[in-house]
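A closer look at the structure
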Amino acid sequence: GLVVRQRLAEADPGNAQFQRDLSISWNKIGDLAVAAGDGKAAREAFEKGLAVRQRLAEADPGNAQFQRDLILSHVKLASCSDQPDDHYRAALAIVERLQAEGRIEPKDAWVISDLRQRLGATGGGLSWVRRLLKGMPRSR
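Looking at the overall build of the protein chain
Scanning the protein chain from N- to C-terminus turns up seven helices and zero strands. Ordered by position from N to C terminus, the α and β elements of the protein chain give α-α-α-α-α-α-α. Taken over 140 residues, the protein chain has a buried fraction of 42%. At a minimum sequence separation of 6, the contacts of the protein chain that also span at least 24 residues come to 51%.

If you want it as structure tokens, here you go:
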């Protein structure tokens, strides 16, 4: 669980897989908190996951998986944030940069228009996140 992943990530901070696994655990905790109706706990967990994912994306900007993880973290935070547009804008900036660099697969190009539509919204369903992640390899 989370404790084991935290210990592994702390013991080997240079191990990107351990760090990513930790971010996934934080997101799962956030998802559980959302389902339980605890927005504060969800936001705290998602923020911890985002912090890990930002470090990974900054350390390896060429890693498309880390960029997608970062987009997902921003969208999850938008779902429980007092300032959802800030997170939607951050996610959109990443997707637009990846598109300009030719690093967005055509099947994922719809994410840009979806994020643009979400700007100004207060959240909503995350069905597009499920579509984006469909078929991606699962973490351990």
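Continuing now.
Remarks on the environment of Asp86
Within the element layout of this structure, Asp86 appears in helix α5 (residues 84-100). Separated by 33 residues in sequence, Asp86 and Leu119 have C-alpha atoms that sit 8.6 Å apart. Polar contacts involving the side chain of Asp86 include one to the side chain of Arg89, which spans 3.1 Å.

What counts, and where the lines are drawn
Residues numbered from 1 in each chain as written. Predicted model: local features only at pLDDT ≥ 70, side-chain atom pairs only at ≥ 80, totals over all residues. Heavy atoms only, no water. Helix = DSSP H or I, 4+ residues; strand = E, 2+ residues; numbered from the N terminus. Buried < 20%, exposed > 50% of the residue type's maximum accessible area, 1.4 Å probe, protein only. Contact = heavy atoms within 4.5 Å. Polar contact = N/O pair within 3.5 Å; in protein donor to acceptor, adjacent residues only side chain to side chain.

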